[in-house]
Amino acid sequence: MEFRKKTILITGGAGFIGSNLCKKLHSDGNNIICMDNFYTGTYENIYSLVNKEYFTILNHDVINPYDFYVDEIYNLACPASPPFYQRNPVHTFKTGILGAINGLELATKWDAKILQASTSEVYGDAQVHPQVETYWGNVNPDGIRACYDESKRGAETIFFDYNRTYKTNIKIIRIFNTYGPGMNPDDGRVVSNFIIQALRNDDITVYGDGSQTRSFCYISDLIDGIIKMMNSDSTVQGPINLGNPSEFTVLELAEKIIQLTRSKSKIIFEKLPQDDPKQRKPNIEKANKQLDWKPLVSLEDGLTETINYFKEKLK
Ligand code: NAD
Ligand code: UDP
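Small disclaimer: the values here were computed from a predicted structure and weren't measured. (Residues numbered from 1 in each chain as written. Chains lettered and ligands numbered in written order. Predicted model: local features only at pLDDT ≥ 70, side-chain atom pairs only at ≥ 80, totals over all residues. Heavy atoms only, no water.)

**Description of the overall build of the chain**
Part 1 of the argument: Across its full length, the chain holds 9 helices and 13 strands.
Part 2 of the argument: Here the C-alpha radius of gyration of the chain, 19 Å, is about what a compact globule of 315 residues would show, namely 20 Å.
Part 3 of the argument: Projected onto the principal axes, the alpha-carbon positions of the chain cover approximately 55 × 45 × 40 Å.
Part 4 of the argument: Here the chain, with 315 residues, has 55% of them falling under the buried criterion.
Part 5 of the argument: Taking the intrachain contacts of the chain between residues at least 6 apart in sequence as the baseline, contacts between residues at least 24 apart amount to 81%.
Part 6 of the argument: Carbon and sulfur atoms form 50% of the exposed surface of the chain, whose accessible area is close to 14100 Å².
Part 7 of the argument: For the chain, the centre of its 35 positive side-chain charges and the centre of its 39 negative side-chain charges are spaced 2 Å apart. (Helix = DSSP H or I, 4+ residues; strand = E, 2+ residues; numbered from the N terminus. Rg over C-alpha atoms; globule rule 2.2 N^0.38 Å. Buried < 20%, exposed > 50% of the residue type's maximum accessible area, 1.4 Å probe, protein only. Contact = heavy atoms within 4.5 Å. Areas by Shrake-Rupley, 256 points an atom, 1.4 Å probe, with all protein chains shown as cover. Lys, Arg positive; Asp, Glu negative; His and termini not counted. Charge placed at Lys NZ, Arg CZ, Asp CG, Glu CD.)

Below you can see the structure in the form of structure tokens.
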């Protein structure tokens, strides 16, 4: 019988980041349990792993407790795209909080390590730029983004409380906008929307005047950082920012995608959603120092790969 290194639970394993993580950790020789309720994730994302040995799919909602042996947990379950997390905000909030608690209970019981996929959204409409981990953020607790932002903030709180109370072995990363193969074409986030619109020669929908900024990290860089965090020294708990510090306006992104796809699309301007953060860029000194991590893939190279992926999807 083949020897597998670790038994690893990935919640949200059928989603964009989760499916990429499942593939990498399975190919590294681990026994993978992929838990998902398939709200935004798909079987298609994990199709290459289905029926493989040492890969198990559990169709389960993380708001409900579960119990089985694990060595490590990557807690990624949560819709990440604003249209999807706002569609059922009560469930999003429960996913953020109860999902964290159920994962922490399991990790505590089996003395496993647990990594929380937190987010740059904990900084809200940041007044400190670039965002550094010591900044406490500027989140509207009552707005339409709060079901996501506040549950992610609450999850960080409960992670540290389990650590202080039960010595649970925790790791927290704050992920900044990430893109790449594995994204759902209907996901609603900016990179997938613009590429699909450009490939179809449809209008590109820039919200507001497009002057808001984001910093886009390619998926392979993020996966590398997530795994480095899980494998880091036990003194490294985070929170640690993981993202690409190259900052672009949304308008610049639209223009770049039109250029790379040689699209005939024109840019149109639509209403800016409520509480849309004006600027976002990670300070990644901590990740660089504590994990020896920095992103390597440029926006142009990452977009080219992602455009090729979506071209295949649209066939
Ligand atoms: P995604 O929507 O593609 O994946 C989320 C996965 O979680 C999906 O497979 C979905 O079906 C599953 N899920 C949702 N609610 C669930 C529940 N209650 N029970 C079980 N499964 C559930 O999003 P993603 O981009 O892959 O994001 C993964 C994680 O990373 C999320 O926690 C997100 O908050 C975090 N994150 C992502 C980004 C990004 O730019 N992609 C940025 C910051 C944080
Ligand atoms: N955005 C846009 N057009 C779209 C989708 C998004 O202009 O079709 C903008 C959105 O308003 C935000 C930025 O792009 O300013 C990033 O949006 P996304 O939903 O990808 O992520 P988040 O706002 O959570 O960073």
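**Observations regarding the packing of helix α1 (residues 16-27) against helix α6 (residues 219-230)**
Part 1 of the argument: Contact geometry of α1 with α6 gives a least axis separation of 10 Å together with a crossing angle of 65 degrees. Taken together, the axis directions place α1 and α6 in an arrangement best described as roughly perpendicular. Considering only the axes of α1 and α6, their crossing is right-handed. Packed against α1, whose contacting residues are F16, I17, N20, L21, K24 and L25, the element α6 presents I219, L222, I223, I226 and I227 at the interface.
Part 2 of the argument: Taken together, the residues of the contact of α1 with α6 sort by class into 9 nonpolar, 1 polar and 1 charged. (Axes fitted to C-alpha atoms, helices over the stretch in contact; angles between N-to-C directions. Parallel < 35°, antiparallel > 145°, perpendicular 65-115°, else oblique. Left-handed = near helix turned anticlockwise from the far one by under 90°. Nonpolar A, V, L, I, M, F, W, Y, C, P; charged D, E, K, R; others polar.)

**Observations regarding the site of ligand 2**
Part 1 of the argument: The full set close to ligand 2 counts 18 residues, and T205, Y207, R214, D276 and R280 are the nearest of them.
Part 2 of the argument: At 3.2 Å, a side-chain N or O of E121 approaches an oxygen atom of ligand 2.
Part 3 of the argument: At 3.0 Å, a side-chain N or O of R145 approaches an oxygen atom of ligand 2.
Part 4 of the argument: Considered on its own, ligand 2 offers 520 Å² of accessible surface; in the complex 96% of this is hidden by protein.
Part 5 of the argument: Contributions of two or more residues to the shell around ligand 2 are made by α5 (190-199) and β8 (204-207).
Part 6 of the argument: Residue classes in the shell around ligand 2 are distributed as 7 nonpolar, 5 polar and 6 charged. (Near = heavy atom within 4 Å. Polar contact = N/O pair within 3.5 Å; in protein donor to acceptor, adjacent residues only side chain to side chain.)

**Focus: the pattern of salt bridges**
Part 1 of the argument: As enumerated under the stated definition, the model contains 17 salt bridges in all.
Part 2 of the argument: Between D28 and K24 there is a salt bridge, with its nearest N and O atoms 3.0 Å apart.
Part 3 of the argument: Looking at D28, the relative accessible area reads 26%, which means it is partly exposed. (Salt bridge = Lys/Arg side-chain N within 4 Å of Asp/Glu carboxyl O.)

**Re the nonpolar core**
Part 1 of the argument: Ranked by size, the top nonpolar core spans 57 residues in total, and within it I17, L21, Y74, I226 and L242 carry the most contacts.
Part 2 of the argument: Excluding residues within four positions of it along the chain, I17 makes contact with L76, I175, I219, L222, I223 and I226.
Part 3 of the argument: Core analysis: the next-biggest nonpolar cluster, separate from the first, contains 20 residues, L9, A77, A100 and A155 among them. (Core = buried A, V, L, I, M, F, W, Y, C linked by side-chain atoms within 4.5 Å.)

**Considerations on the environment of T92**
Part 1 of the argument: Note on placement: T92 falls in helix α3 (residues 89-110).
Part 2 of the argument: T92 sits 56 residues away from Y148 along the chain, and the two C-alpha atoms are 6.3 Å apart.
Part 3 of the argument: Beyond its immediate stretch of four places on either side in the chain, T92 contacts C78, P79, Y85, C147, Y148 and S151.

**A few points about α6**
Part 1 of the argument: When the terminal C-alpha atoms of α6 are compared, their 17 Å separation across 12 residues agrees well with the 16 Å that a helix rising 1.5 Å per residue should span.
Part 2 of the argument: Summarising burial for α6: 9 of the 12 residues are buried, a large majority.
Part 3 of the argument: Turning to α6, its buried residues number three or more, namely I219, D221, L222, I223, G225, I226, I227, M229 and M230. (Expected span 1.5 Å × (residues − 1).)

**Some words on the pairing of strand β2 (residues 31-36)**
In the case of a regular strand, side chains alternate between the two sheet surfaces.
Part 1 of the argument: Burial within β2 is extensive, with 6 of its 6 residues counted as buried.
Part 2 of the argument: The two faces of β2 match: N31, I33 and M35 on one face and I32, C34 and D36 on the other face are all buried.
Part 3 of the argument: As paired strands, strand β1 (residues 7-11) and β2 are joined by 5 bridges and run parallel to one another. Bridging from a neighbouring strand, L9 pairs with I33 of β2.
Part 4 of the argument: Taken together, β1, α1 and β2 constitute a β-α-β crossover, and its handedness is right-handed.
Part 5 of the argument: In this sheet, strand β3 (residues 55-59) lies alongside β2 in parallel orientation, the contact comprising 5 bridges. By the bridge assignment for β3, M35 is matched with L58. (Pairing = 2+ DSSP bridges. Right-handed = clockwise from strand over helix to strand, strands pointing away.)

**Comments concerning the side chain of N244**
Part 1 of the argument: On the secondary structure map, N244 appears in the loop between β11 (240-242) and β12 (247-249).
Part 2 of the argument: Separated by 3.0 Å, the side chain of N244 and the backbone nitrogen of S246 make a polar contact.
Part 3 of the argument: Apart from the residues lying within four places of it in its own chain, the contact partners of N244 are S215, F216, C217, P282, P295 and V297.

**Structural notes on helix α7 (residues 250-261)**
Part 1 of the argument: Between its terminal C-alpha atoms α7 stretches 17 Å, which fits the 16 Å expected from 12 residues at 1.5 Å a residue.
Part 2 of the argument: Residues of α7 that are buried include every one of V250, L253, A254, K256, I257, I258 and T261, and no others.
Part 3 of the argument: Next to the buried residues of α7 lie α5, β8, β12, β13 (267-270) and α9 (299-314).

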